[in-house]
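# Tertiary structure, described
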Amino acid sequence: MLPCVHQLQLLLALLSSVLLSSWGQNCPANCQCPDPHTVDCSGRGLTRLPDAIPLDVRRLRLSDNWIPWIPSDFLVLYSDLVYLDLRNNSLSRIEPGTLSTSSRLVFLDLGSNNLTEIPSGTFGESRSLIKLRLGNNPYLSMVSKDAFMGLTSLRELELEQNALSGLDVEVLGQLPSLRLVRLEGNPWVCNCNFAKLFAWLMKNRQKLPTGVHGMECSLPVDGRRVALSQLSEDSFRECQVTLTLTDYLIVIFSGIAVSVAAIMTSFFLASTVHCFQRWSKANKTEEEDSDA
């Protein structure tokens, strides 16, 4: 019995050695592959994506490099990818549709880059995406209204420490599974465009890690910073379009006046035309009598 066990152990050791050797051969240069489905190229000073990434990779770590862009067809071949970390690179733009081919992507980190905007179609309805990090992009000042359209499974969204002065509330309303959102550290402006977002924040405080504490916005008149915790929906009452009884009476009488003016104008024009026709007919009759 013991010799059989010893032979089995030797066989398992040999098989492990072969597998480890195979993993090493498939690993991109200057990267580490701790298991058959993980490629770790973090902090390697890369200025472009590494070559020869295994097609069956599931976790790809590319953080802390100098990668400026990723090809729009980069993920076409990596259908098993579930984890992609591109944090702290030099990305300034993600081409729309780049991520749409990765149907299993669950985690995506694009934080600490140089992104300036998130246009429509960037994520191509990645319905499996659960966590999206877009924080610490100091030039990110615009998020399209449909930027996150189709991300029905997204639970965590990070947009902190960016350059956002405003955000269309529909951006957040399109995320039915959202459980956590980070928006602190942005230069929000307390204008009427911010009013709807403020109302959403008040209603969904439980989704903010620390509520609205630590969040500020600047007044449009003098630029003075004000903590959101000191504001209420009444602070934006001037942005609400409401009509008093006097306003309604003015609208009604204005409509009546316009209608009366239109009727009188029509009557005057009709009378003028009728008189002109009678005058023309009378002149014609006189001319016929003269000829006779």
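Per an unreviewed UniProt entry, the protein chain carries the name LRRNT domain-containing protein and comes from Anguilla anguilla. According to its UniProt record, the protein chain has this under Subunit (unreviewed entry): "Interacts with KCNMA1." Turning to the protein chain, the UniProt annotation filed under Subcellular location (unreviewed entry) states: "Cell membrane".

### Concerning the pattern of salt bridges
All told, the structure shown has 14 salt bridges when counted by the stated rule. Asp85 is the salt-bridge partner of Arg87, the closest N and O atoms lying 3.7 Å from each other. In this structure Asp85 comes out as buried when scored by relative accessible area, which is 5%. Residues Arg133 and Glu158 are paired through a salt bridge, measuring 3.6 Å at the closest nitrogen-oxygen approach. Note that Arg133 is positioned in strand S6 (residues 131-133) and Glu158 in strand S8 (residues 156-158), a separation of 25 residues in sequence. Residue classification places Arg133 among the partly exposed positions, given a relative accessible area of 26%. Linked through salt bridges whose partners overlap, the residues forming this network are Asp64, Asp85, Arg87, Asp109, Arg133 and Glu158.

### Some details on the side chain of Asn89
Tracing the backbone shows Asn89 in the loop between strand S3 (83-85) and strand S4 (107-109). Here Leu62 takes part through its backbone oxygen, which lies 3.0 Å from a polar atom of the side chain of Asn89. From its side chain, Asn89 meets the backbone oxygen of Leu86 in a polar contact 3.1 Å long. Among all residues touching Asn89, those that are not within four sequence positions of it are Leu62, Ser63, Asp64, Asn65, Trp66, Ile67, Ser112 and Asn113.

### A closer look at the nonpolar core
The biggest cluster of nonpolar side chains holds 64 residues, and the ones touching the most others in it are Phe123, Leu132, Leu134, Phe148, Leu157 and Leu201. For this core, the secondary-structure elements that each account for two or more residues are helix H2 (170-173) and helix H3 (192-203). For this core, the element with the highest residue contribution is H3, accounting for 7 residues. Leave out the neighbours within four places in its chain, and Leu201 touches Leu183, Phe194, Leu208, Val212, Met215 and Leu228.

### A few points about the sheet that holds strand S2 (residues 59-61)
Taken together, 7 strands build an open sheet; the order of strands is S1-S2-S3-S4-S6-S8-S9 and the sheet is parallel. Only two strands of the sheet have a single partner each, and these edge strands are strand S1 (38-40) and strand S9 (180-182). Neighbour-to-neighbour, the strand axes of the sheet open up by a mean angle of 5°, direction not taken into account. Direction of pairing for S8 relative to S9: parallel, over a ladder of 3 bridges. Pairing of Glu156 across the sheet is with Leu180, part of S9.

### Focus: the environment of Gly45
Within the fold, Gly45 resides in the loop between S1 and S2. Measuring from C-alpha to C-alpha, the distance between Gly45 and Asn65 comes to 4.9 Å, with 20 residues separating the pair along the chain. Ignoring any residue separated from it by four or fewer positions in sequence, one finds Gly45 in contact with Asn65 and Trp66.

### Some remarks on the packing of aromatic side chains
In this structure the tally under the stated criterion is 7 aromatic pairs. Between Trp188 and Phe194, the aromatic rings sit 5.8 Å apart at their centres with planes inclined by 35°, giving tilted as the arrangement. For Phe194, a relative accessible area of 2% gives the class buried. Considering the side-chain rings of Phe194 and Phe236, the 6.3 Å spacing of their centres and the 50° angle between planes classify their relative orientation as tilted. You can see Phe194 sitting in helix H3 and its partner Phe236 sitting in the loop between strand S13 (225-227) and helix H4 (245-291), a full 42 residues away along the chain. With respect to burial, Phe194 and Phe236 carry one shared label: buried.

### Describing the sheet that holds strand S12 (residues 216-218)
The strands that make up a sheet are held in pairs by hydrogen bonds between backbone atoms, and each pair lies either parallel or antiparallel. The sheet built from 3 strands is open, its strands ordered S10-S12-S13 with mixed pairing. With one partner strand each, in any of the chains shown, strand S10 (188-189) and S13 form the two edges of the open sheet.

### Considerations on the UniProt feature "domain: LRRNT" (unreviewed entry) in the protein chain
Mapped onto the present numbering, the UniProt feature "domain: LRRNT" (unreviewed entry) falls at residues 26-59. The span residues 26-59 is 3% helix and 12% strand, and its two end C-alpha atoms sit 15 Å from each other.

### Description of the state of the cysteines
One pass over the full model with this rule turns up 4 disulfides. Here Cys192 engages in a disulfide with Cys239; their sulfurs sit 2.1 Å apart. Here Cys192 and Cys239 share a disulfide; its torsion about the S-S bond, -80°, makes the bridge left-handed. Residue Cys192 is found in helix H3, and its partner Cys239 is found in the loop between S13 and H4; the two are separated by 47 residues along the sequence. For Cys192, a relative accessible area of 47% corresponds to the partly exposed category. Relative accessible area serves as the criterion here: at 27%, Cys239 is assigned to the partly exposed category.

About the criteria used
- Residues numbered from 1 in each chain as written.
- Predicted model: local features only at pLDDT ≥ 70, side-chain atom pairs only at ≥ 80, totals over all residues.
- Heavy atoms only, no water.
- UniProt positions renumbered as here; feature names shortened; annotations may be inferred.
- Salt bridge = Lys/Arg side-chain N within 4 Å of Asp/Glu carboxyl O.
- Buried < 20%, exposed > 50% of the residue type's maximum accessible area, 1.4 Å probe, protein only.
- Helix = DSSP H or I, 4+ residues; strand = E, 2+ residues; numbered from the N terminus.
- Polar contact = N/O pair within 3.5 Å; in protein donor to acceptor, adjacent residues only side chain to side chain.
- Contact = heavy atoms within 4.5 Å.
- Core = buried A, V, L, I, M, F, W, Y, C linked by side-chain atoms within 4.5 Å.
- Pairing = 2+ DSSP bridges.
- Axes fitted to C-alpha atoms, helices over the stretch in contact; angles between N-to-C directions.
- Phe/Tyr/Trp six-rings, centres within 6.5 Å; stacked < 30°, edge-to-face > 60°.
- Disulfide = S-S within 2.5 Å.

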